[in-house]
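So you can see what is in the structure, the chains are spelled out below.
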Amino acid sequence: MMLTKKVRLIVTDETSKLYQAAGVARWAYNYTIRMQEMNHRFGGTFISDNDLRRHITKMKKRKKYEWLNDVSNNVVKQAVKDACRAYKAFFNGQAQHPRFKTRRRSKPSFYNDCVKLKVKGNHVLLEKIGWVKTNEPLPVDCKYYNPRIKFDGKYWYLTVGIEVNPVKVKLDGRNVGVDIGIKELAVTSDGVFYNNINKTASVRKAEKRLKRLQRRASKKYKKGTPKSKHLLKLEGEIRKQHRRLANIRTNHVHQATAEIVKSKPSRIVMETLNISSMMKDKHMAKAVANQKLYFFKQCLQYKCELNGIEFVEADQWFPSSKLCNNCGTLKKDLKRSDRVYHCACGHHCDRDLNASYNLRDYQAV
């Protein structure tokens, strides 16, 4: 199976080159989307990435676009491929329409050719950038897949895909049901509740600080006036605060999924949630996004595969919350506000815990 290895780049004089490469990648991605939209407007068919790359190669010979030669050709090539792949996913109904990347909203990132990526101790060789020190060495004597250099608002990182073999773990033969939601991040059939990290004091304090910074910055924006040094400094602090909140939530998801997998069950059953539909509800959208429910599923899935545990997703229409685990009665009038499941047979249980019991006993038809 494929796992991602992430190391931090300790950059000094290379920062400007990294930003330049990320800017060229953003330009190539936006150029591809613009060309595809223009071609579609005039009744043309889909433009292949090979045709677009050949066109950009001719553009490089003009004086107006000679700055494209300052970065590696693979940066532009992969950005065009990514944009074309996004368009194909849109046409196949697998994703939404690709959007333009802006300096304000998109994170700086670009591709580095895996063949030309060299590793020597705590240093890596990047195309047209040179040797860069890392905080820890990358594994050697293995093939790297899809190397990407990304900036998270504070540090630059290098991520590469590495093939690893699943670990042989002695499992105990249990089935575990995992019910995820908004009130609690997850509830397992073992009776373990993983709390919503967004309700803790540390996250609420960080969110308040983010609001204050955003309010201060909004008062300093003036149309037609360049940004002041103080405003640029505020924007940097806002990026760092967003980064801090994202790291807290990501770490909580990793800890919860790791604890579930370390209990060594033979089978884990998880409900299937339609996240895109839940995000359309204006009253729930923010809470759903902050819970990182889809990321929770991804983490649990790859950790199960790594440890040889069977991962099962229940059918989307399986009534895990409305079904009584004791007698099997379906309670159709169960409301979202009902936190305790009451059944006529005398079964009383926490709503999420009852759902996890049903998921534990789930058998695919």
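This is a predicted model, so every value here is computed, not measured.

Comments concerning the pattern of salt bridges
Next up, step 1: With the rule as written, the count across this model stands at 16 salt bridges.
Next up, step 2: Between Arg243 and Asp152 there is a salt bridge, with its nearest N and O atoms 2.5 Å apart. Taken together, the residues Arg243 in helix H5 (residues 229–262) and Asp152 in the loop between strand S6 (145–151) and strand S7 (156–163) connect sequence positions 91 residues apart.
Next up, step 3: Note on Arg243: relative accessible area 16%, which makes it buried.
Next up, step 4: Here Lys227 ties to Glu235 by a salt bridge, and the two come within 3.0 Å at their closest N and O atoms.
Next up, step 5: A cluster of three or more residues bridged by salt bridges with shared partners is formed by Asp82, Arg85 and Arg148.

As for a positive patch on the surface
Next up, step 1: A contiguous patch of positive charge, built from Lys199, Arg204, Lys205, Lys208, Lys211, Arg212, Arg215, Lys219, Arg244 and Lys286, is present on the exposed surface.
Next up, step 2: In terms of residue count, helix H4 (residues 201–218) provides more of the positive patch than any other element does, 6 residues in total.
Next up, step 3: For Lys219, the location among the structural elements is in the loop between H4 and H5.

Structural notes on the side chain of Glu271
Next up, step 1: With respect to the helices and strands, the residue Glu271 is situated in the loop between strand S11 (267–270) and helix H6 (275–278).
Next up, step 2: Buried charge without a partner: Glu271 forms no salt bridge, and the closest opposite charge is Arg351, 8.6 Å away.
Next up, step 3: From its side chain, Glu271 meets the backbone nitrogen of Ile180 in a polar contact 3.1 Å long.
Next up, step 4: Beyond its immediate sequence surroundings of up to four residues, Glu271 is in contact with Val178, Asp179, Ile180, Ala314, Ser320 and Leu359.

Details of the packing of aromatic side chains
Next up, step 1: Under the definition given, this model contains 12 aromatic pairs.
Next up, step 2: An angle of 15 degrees between the planes, with centres 5.2 Å apart, marks the rings of Trp27 and Tyr31 as stacked. You can see Trp27 and its partner Tyr31 sitting in helix H1 (residues 15–41), 4 residues apart, about one turn around the helix. With respect to burial, Trp27 and Tyr31 carry one shared label: buried.
Next up, step 3: By the ring-pair criterion, three or more aromatic residues cluster together here, those being Trp27, Tyr31, Tyr65 and Trp67.
Next up, step 4: Geometry around Tyr155 places Arg8 over its ring, the cationic atom sitting 4.2 Å from the centre.
Next up, step 5: Positioned above the aromatic ring of Tyr341, the side-chain terminus of Lys331 is 5.6 Å from the ring centre.

Thoughts on the nonpolar core
Next up, step 1: Grouped together as the largest cluster of nonpolar side chains are 36 residues, with contacts concentrated most on Leu9, Phe110, Val124, Leu126, Ile149, Trp156 and Leu158.
Next up, step 2: Where this core is concerned, the elements lending two or more residues are strand S1 (2–10), H1, helix H2 (49–59), helix H3 (73–91), strand S4 (123–126), S6 and S7.
Next up, step 3: Of all hydrophobic cores here, the second largest spans 23 residues; its members include Val178, Ile268, Met278 and Val288.

Here we look at the side chain of Thr32
Next up, step 1: With respect to the helices and strands, Thr32 occurs in helix H1.
Next up, step 2: Polar contacts involving the side chain of Thr32 include one to the main-chain carbonyl oxygen of Ala28, which spans 2.8 Å.
Next up, step 3: Setting aside residues no more than four positions away along its own chain, Thr32 makes contact with Leu52, Val80, Ala83 and Cys84.

Observations regarding unusual backbone geometry
Across the chain, the bulk of peptide bonds are trans and the bulk of non-glycine residues have phi less than zero.
Next up, step 1: Its identity as a non-glycine residue notwithstanding, Asp141 has a phi of 60 degrees, on the positive side.
Next up, step 2: Examined against the element boundaries, Asp141 turns out to sit in the loop between strand S5 (130–134) and S6.
Next up, step 3: Phi at Lys292 is positive, roughly 55 degrees, even though this residue is not glycine.
Next up, step 4: Note that Lys292 resides in the loop between helix H7 (285–291) and helix H8 (293–307).
Next up, step 5: Lys292 gets classed as partly exposed once you look at its relative accessible area, which sits at 25%.

A look at the sheet that holds S7
Next up, step 1: The strand order S2-S6-S7-S1-S5-S4-S3 describes an open sheet built from 7 strands, whose pairing is antiparallel. Sheet topology places strand S2 (109–111) and strand S3 (118–120) at the edges, where each strand pairs with a single neighbour. Neighbour-to-neighbour, the strand axes of this sheet turn through a mean angle of 35 degrees, independent of strand direction.
Next up, step 2: Two strands pair when backbone bridges link them, and S2 and S6 are joined in this way by 3 bridges, in the antiparallel orientation. Among the inter-strand pairings, Ser109 is bridged to a residue of S6, identified as Lys150.

Analysis parameters
- Residues numbered from 1 in each chain as written.
- Predicted model: local features only at pLDDT ≥ 70, side-chain atom pairs only at ≥ 80, totals over all residues.
- Heavy atoms only, no water.
- Salt bridge = Lys/Arg side-chain N within 4 Å of Asp/Glu carboxyl O.
- Helix = DSSP H or I, 4+ residues; strand = E, 2+ residues; numbered from the N terminus.
- Buried < 20%, exposed > 50% of the residue type's maximum accessible area, 1.4 Å probe, protein only.
- Patch = residues over 30% accessible without salt bridge, like charges linked within 9 Å, V, L, I, M, F, W, Y side chains within 5 Å.
- Areas by Shrake-Rupley, 256 points an atom, 1.4 Å probe, with all protein chains shown as cover.
- Lys, Arg positive; Asp, Glu negative; His and termini not counted.
- Charge placed at Lys NZ, Arg CZ, Asp CG, Glu CD.
- Polar contact = N/O pair within 3.5 Å; in protein donor to acceptor, adjacent residues only side chain to side chain.
- Contact = heavy atoms within 4.5 Å.
- Phe/Tyr/Trp six-rings, centres within 6.5 Å; stacked < 30°, edge-to-face > 60°.
- Lys NZ or Arg CZ within 6 Å of the ring centre and 35° of its normal.
- Core = buried A, V, L, I, M, F, W, Y, C linked by side-chain atoms within 4.5 Å.
- Pairing = 2+ DSSP bridges.
- Axes fitted to C-alpha atoms, helices over the stretch in contact; angles between N-to-C directions.

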